[in-house]
Amino acid sequence: MAHIIVVGNEKGGAGKSTVSMHVATALARMGHKVSTLDLDLRQRTMGRYAENRKTFLAKAGLNLPSADCHDLPDIDPSTLSPGENIYDHRLSAAVASLEPQSDFILIDCPGSHTRLSQVAHSLADTLITPLNDSFIDFDLLAHTDAKGEKITGPSVYSEMVWNARQLRAQAGLKPIDWVVMRNRVGTQRMVNKEKMERAVKMLAERVGFRIVPGFSERVVFRELFPRGLTLLDLKDIGVKQLNISNVAARQELRDMMKELKLPGVDVNF
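A brief look at the structure comes next. For every chain, the first residue of the written sequence is number 1, and numbering continues from 1 onward in sequence order. For a predicted model such as this one, the threshold for reporting local features is a pLDDT of at least 70, and the threshold for listing and counting side-chain atom pairs is 80 or more; totals across whole chains, interfaces and linings nevertheless cover every residue. Each side-chain value is worked out from all heavy atoms of the structure, with water and hydrogens disregarded.

1. A closer look at the state of the cysteines
Where we set the bar: Pairs of cysteine sulfur atoms within 2.5 Å are what we label disulfides. To sort residues, take the accessible area from a 1.4 Å probe on protein chains only and compare it with the maximum for the residue type: under 20% means buried, over 50% means exposed, and anything in between is partly exposed.
Going through the model one piece at a time under the given rule, you end up with 0 disulfides. The thiol of cysteine 69 is unpaired, and the distance to the nearest cysteine sulfur, on cysteine 109, comes to 13 Å. Looking at cysteine 69, the relative accessible area reads 32%, which means it is partly exposed. On the accessibility criterion, cysteine 109 (3% relative accessible area) is buried.

2. Re the packing of aromatic side chains
As a reminder, the rule being used: Stacked, tilted and edge-to-face are the three classes assigned to paired rings of Phe, Tyr and Trp, where Trp is represented by its six-membered ring and a pair needs centres within 6.5 Å; plane angles under 30 degrees give stacked, over 60 edge-to-face, the rest tilted. Helix numbering and strand numbering both begin at the N terminus, where a helix is a DSSP run of H or I of at least 4 residues and a strand a DSSP run of E of at least 2. A ring has a charge above it when a Lys NZ or an Arg CZ is no more than 6 Å from the ring centre and no more than 35 degrees off the ring normal.
Under the definition given, this model contains 5 aromatic pairs. Ring geometry for tryptophan 178 and phenylalanine 209: centres 5.1 Å apart, planes at 65°, overall edge-to-face. Highlighted residues: tryptophan 178 in strand β8 (residues 177-183) and phenylalanine 209 in the loop between α7 (191-208) and β9 (210-213), separated in sequence by 31 residues. Given the relative accessible area of 2%, tryptophan 178 is considered buried. According to the relative accessible area criterion, phenylalanine 209 is buried, its value standing at 8%. Three or more aromatic residues link up through ring pairs in this structure, and these residues are Tyr157, Trp178 and Phe209. Stacked on the ring of phenylalanine 56, the Lys or Arg arginine 227 has its end atom at 5.9 Å from the ring centre.

3. Brief notes about unusual backbone geometry
One non-glycine residue, arginine 44, lies in positive phi territory at about 55°. One can find arginine 44 in the loop between β2 (34-38) and α2 (45-60). In this structure arginine 44 comes out as partly exposed when scored by relative accessible area, which is 25%. Positive phi is not limited to glycine here, since lysine 261 has a value of about 55°.

4. Thoughts on the packing of helix α3 (residues 86-98) against helix α4 (residues 115-123)
Test applied: Here, axes are lines fitted to C-alpha atoms. For helices the fit covers the stretch in contact, and angles between N-to-C directions go from 0 to 180 degrees. Here the word oblique covers every angle except those under 35 degrees (roughly parallel), over 145 (roughly antiparallel) and from 65 to 115 (roughly perpendicular). If you view the pair so one helix is near and one far, a crossing is left-handed when the near helix is turned anticlockwise from the far one by less than a right angle, and right-handed when it is turned clockwise. Contacts are assigned to residue pairs that have any heavy atoms within 4.5 Å of one another.
The contact between α3 and α4 brings their axes to 9 Å, and the two run at 40°. Classified by the angle between their axes, α3 and α4 sit oblique to one another. Note on packing geometry: the crossing formed by α3 with α4 is right-handed. Residues Tyr87, Asp88, Leu91 and Val95 of α3 lie in contact with α4, whose contacting residues are Arg115, Leu116, Val119, Ala120 and Leu123.

Geometry only, nothing functional implied.
What follows is the structure in structure tokens.
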């Protein structure tokens, strides 16, 4: 049975696709069979990342460990019963076909609320929610008072995860391991950064998620996208000496993979 990882957050720009590509590639480099699905059917950032990678590796004559990126299968609408949703069937058919050949299935969700995203969350064994270090992004998880020091109630995304957890419980499935990843964090010590840290910790205790380290804000991630590369590929393409920023980013990825605590994963890079 494949372990399903869902990367989700209804707020765009949190780094979901960057996290998805790095987690998927790291798992592939550790020898796991990884399949990915991009549920953002319009922007397809994860899908474009995978296409860029395939094109670059072919031109460079390289064969680097990679995840297999798949599209959702088409479903004949005439086969649906009244009231059935075609997107439910497309996603369930994709997962069913990939499970026998995968150790991990990673699903990258769009930065908005869609039926596909909602269903995907209920399938998650591990849910990764990248979160920008901003109260604008935090507001999607919970509402706070004017000072950002007291949580006044959960917000729409936390409520969706709660509903997904309820559906899994009703189906007799194991609980979702929800991890919130503070992503694109600035390196300087700032008041806002400290307030965010306290708010995330308070919310973790209240709604039940783990906090894992994410990536700092670095230019290298924007530079890697056109070639579909990750931090783990740099030495393989001829970068013999990593700069300080790249070394630090690799360490962040190593720490992230360790804290995710995925089954059967030995972080060895």
